[in-house]
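So you can see what is in the structure, the chains are spelled out below.
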Amino acid sequence: MKKIRIPTDWRTFTVGQWMKATSNAENPLARVAALSNYTVDELKQLPKKAVDAAAAQVDAVLAARPTRFHAAIEIDTIHHKFIDHWEELSTGEYIDLEAFGAELGKSADKFLSVCYRPVEKKWYGERLIPYDGPLTADRMRKVPAEVLASAVLFFYLGKEAYYRSLGRSLAARGRATLDAITVGTTHSTPSPEKTPPKSNR
């Protein structure tokens, strides 16, 4: 029997894999298959003890909460930057962030497509390509899941007061989705910190 390989942290599996694991929260076999080198049918042939141990590993990995913030990411050689000027969000961007954040398990890729914009080089420097819907969602499924977790943490830690002042809170939504991110685990929600995580610019 080949060893069931489970990622050790959020840097070693993708947003797409996280979405599969999340959509199968009540199915341990499907969750293990989403993050391992086995299919569901292959897992069914293995000793229950081995599969149970792998499921526990998956739970442990998903329960961890990465704190590294990604200000920029590279996908298919395309440079993307995180939108950090929240006061400049358009109504459409805000609506999409709220909608995608409410169903993060199904829309994490779309959520990230609002947060991270492709960079276009001009003669005068760089500009972020304006948002025109979640056109880069497919691309976002390829990035490490740590990028998703850190984006949610950014809302939770860094922008709570700002969004409260608007009467609606993406930060509050972020707090709720932290539990969605750690699917199938039991843990307590940490107290808000005073400063946001440092950027790796």
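All of these numbers come straight from a predicted model, not from anything done at the bench.

Cut-offs used in this document
- Residues numbered from 1 in each chain as written.
- Predicted model: local features only at pLDDT ≥ 70, side-chain atom pairs only at ≥ 80, totals over all residues.
- Heavy atoms only, no water.
- Phe/Tyr/Trp six-rings, centres within 6.5 Å; stacked < 30°, edge-to-face > 60°.
- Helix = DSSP H or I, 4+ residues; strand = E, 2+ residues; numbered from the N terminus.
- Buried < 20%, exposed > 50% of the residue type's maximum accessible area, 1.4 Å probe, protein only.
- Salt bridge = Lys/Arg side-chain N within 4 Å of Asp/Glu carboxyl O.

## Overview of the packing of aromatic side chains
On inspection of all chains with the given rule, the structure shows three aromatic pairs. Centre to centre, the rings of Phe69 and Phe82 are 4.8 Å apart; their planes meet at 90°, and the pair counts as edge-to-face. Here Phe82 lies in strand S2 (residues 78-82) and Phe69 lies in the loop between helix H4 (48-63) and strand S1 (72-75), a separation of 13 residues in the sequence. With relative accessibility at 4%, the residue Phe69 sits in the buried group. For the pair Phe82 and Tyr116, a centre-to-centre distance of 5.0 Å together with 65° between the ring planes defines the contact as edge-to-face. With Phe82 in strand S2 and Tyr116 in strand S3 (residues 116-122), the pair connects residues that are 34 residues apart, well separated along the chain. In this structure Phe82 comes out as buried when scored by relative accessible area, which is 3%.

## Looking at unusual backbone geometry
Residues apart from glycine generally show negative phi values, whereas peptide bonds are mostly found in trans. Positioned with a positive phi, Asp76 is a non-glycine residue whose angle comes to about 50°. For Asp76, a relative accessible area of 46% corresponds to the partly exposed category. Despite not being glycine, Thr77 has its phi angle at roughly 70°, a positive value. The class of Thr77 is exposed, set by a relative accessible area of 79%.

## Overview of the pattern of salt bridges
Applying the stated criterion across every chain, the model contains eight salt bridges. Close ionic contact of Asp59 with Arg31 constitutes a salt bridge, the shortest N to O distance being 3.0 Å. Of this pair, Asp59 sits in helix H4 while Arg31 sits in helix H2 (residues 28-35); the two residues are 28 residues apart in sequence, bridging distant segments of the chain. Residue classification places Asp59 among the partly exposed positions, given a relative accessible area of 23%. For Arg31, a relative accessible area of 6% puts it in the buried group. Of the charged contacts, one joins Arg127 and Glu120 as a salt bridge, the two residues approaching to 2.4 Å between their closest N and O atoms. Exposure remark for Glu120: the relative accessible area of 27% places this residue in the partly exposed category. The structure contains a network of salt bridges with shared partners spanning Asp109, Asp138 and Arg141.

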